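Chain and residue survey
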Amino acid sequence: MKKVLIAILLLGLLPHASADYIHWVDFRLSAPVLRSALELDMASQGGEQPLDWIDILALAAAWRGGTGVTVADTQRAAQILRGDTPPERLPGMAGRCFSYYRAAYGAALGGLVGHFAIRRTDPQTGEAEWIPAYGLKAFSPIAAGYPWSHYPDFGAQRSYGYARPHLGNDILGALGTPICAVEGGTVEALGWNRYGGWRIGIRSDDRKRYYYYAHLRKDTPYAEGLAVGQRVQAGDVIGFMGRTGYSAQENVNNIETVHLHFGLQLIFDESQKECDSEIWIDVYPIIELLASHCSSVARDPQTGRWERLYPYCDLDAEPLRSAAAR
């Protein structure tokens, strides 16, 4: 609870606070809690009072001080949010802390749920049509049909170069497994890093999330044509799993186990992007949530390029007519 109060001060929610952005986030929501809030959100769409899963999570966390949130808490939060009292005006710590958690979780989860459309071809008529939907619009970093495994390892110690905590989640799989963009955004980093090997950094459209994909395959780590400044869609193939890194020399396999290091940095102010106090969160529960939402992809035998089987449009980011023209 002490850390929560410090974070609230840093956010500037109290009169004597001097900073105007968040400096610390401790993301401790389990996958079942995330899934419960998502289901409550989706079930309410089209009704008189649609709910937002981030509001649900924020209110549940405000009651608990950010730890130990349960599925029952999300159900209770949804019920309260259907009432007439704004969450910021609720009595006690719930009302006092809600804005902090709403901003923190909004930064962490803001691009995962919303409106999207997928284009499918009618097998009988051969005609293609865009099918709009609402729900998870982000994808697992591992393409559909490829086996993988992971375990909670955020904060585990690493010793190469210097002693430091592990600020991500390692996803184990087979060499060459297609890696997909979890969320749409712009490629900000591409190339070699002595710790991460061949890696990719993608910034979300709202610029609050920086997705980091590391230890990509030797020799051919990236999807063909991928470049800094390029915009990618959620579910696009961006690279291939490998074990590069732990070397100042480029293109070296110094990692023992083939895996993807997947990390997520939250950015509330540009000064946080490259500094000693970056905010990296535990993505294990997010990967668990996305595990059943994988992008179906295949390699075109003629061009050699990896393509998704179902063209996709993030309707919160662009109109459908733009996607249809691609």
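Reading the values: rules and limits
- Here the residue index of a chain counts from 1 through its sequence in written order.
- For a predicted model such as this one, the threshold for reporting local features is a pLDDT of at least 70, and the threshold for listing and counting side-chain atom pairs is 80 or more; totals across whole chains, interfaces and linings nevertheless cover every residue.
- To get the side-chain values, all heavy atoms of the structure are used, and hydrogens and water are removed first.
- In this text, helices come from DSSP runs of H or I with a minimum length of four residues, and strands from runs of E with a minimum of two, each type numbered from the N-terminal end.
- Taken over C-alpha atoms, the radius of gyration is set against a globule rule of 2.2 Å times the number of residues to the power 0.38.
- Working rule for contacts: check all heavy atoms of both residues, and any pair within 4.5 Å makes them a contact.
- Here the open area of atoms and residues is found with the Shrake-Rupley method and a 1.4 Å probe, where only the protein chains shown may cover a residue.
- pLDDT is defined as a per-residue confidence score from the predictor, taking values between 0 and 100.
- In this analysis, axes come from line fits to C-alpha atoms, helices being fitted only over the stretch in contact, and the angle between any two N-to-C directions falls in the range 0 to 180 degrees.
- An angle below 35 degrees is read as roughly parallel, one above 145 as roughly antiparallel, one from 65 to 115 as roughly perpendicular, and any other as oblique.
- Each helix crossing is assigned a hand: it is left-handed if the near helix lies turned anticlockwise from the far helix by less than a right angle, otherwise right-handed if that turn is clockwise.
- Amino acid classes used here: Ala, Val, Leu, Ile, Met, Phe, Trp, Tyr, Cys and Pro are nonpolar; Asp, Glu, Lys and Arg are charged; the rest, including Gly, are polar.
- Three labels apply to residues, based on accessible area from a 1.4 Å probe with only protein chains included: buried if under 20% of the type maximum, exposed if over 50%, partly exposed otherwise in between.

1. So, the overall build of the protein chain
Helix and strand content of the protein chain: 7 helices and 17 strands. In terms of overall size, the protein chain behaves like a compact globule, its C-alpha atoms giving a radius of gyration of 20 Å where 326 residues would be expected to give roughly 20 Å. Taking the contacts inside the protein chain whose residues are at least 6 apart along the sequence as the reference set, 63% of them involve residues at least 24 apart. For the protein chain, the exposed surface amounts to about 15,300 Å²; the carbon and sulfur share of it is 49%.

2. Section: the confidence of the model for the protein chain
On average, residues of the protein chain carry a pLDDT of 92, and 93% of them reach 70 or more. Below pLDDT 50 for its whole length, residues 4–18 participates in 31 contacts with residues either more than four positions away or in separate chains.

3. Brief notes about the packing of helix H3 (residues 53–64) against helix H4 (residues 71–81)
Where H3 meets H4, the closest approach of the two axes is 8 Å, and the angle between their N-to-C directions is 115 degrees. Accordingly, the angle class assigned to the pair H3 and H4 is roughly perpendicular. Viewed along their axes, H3 and H4 form a crossing whose handedness is right-handed. Residues Asp55, Ile56, Leu57, Leu59, Ala60, Trp63 and Arg64 of H3 pack against Asp73, Thr74, Arg76, Ala77, Ala78, Ile80 and Leu81 of H4. Taken together, the residues of the contact of H3 with H4 break down into 9 nonpolar, 1 polar and 4 charged.

4. Thoughts on unusual backbone geometry
Look at Tyr246: it is not a glycine, yet its phi comes out positive at around 55 degrees. With respect to the helices, strands and loops of the structure, Tyr246 is situated in the loop between strand S12 (237–240) and strand S13 (259–266). For Tyr246, a relative accessible area of 22% puts it in the partly exposed group. With phi around 60 degrees, Asn251 is a residue other than glycine that occupies positive phi space. Along the polypeptide, Asn251 turns up in the loop between S12 and S13. You can call Asn251 partly exposed: its relative accessible area is 21%.

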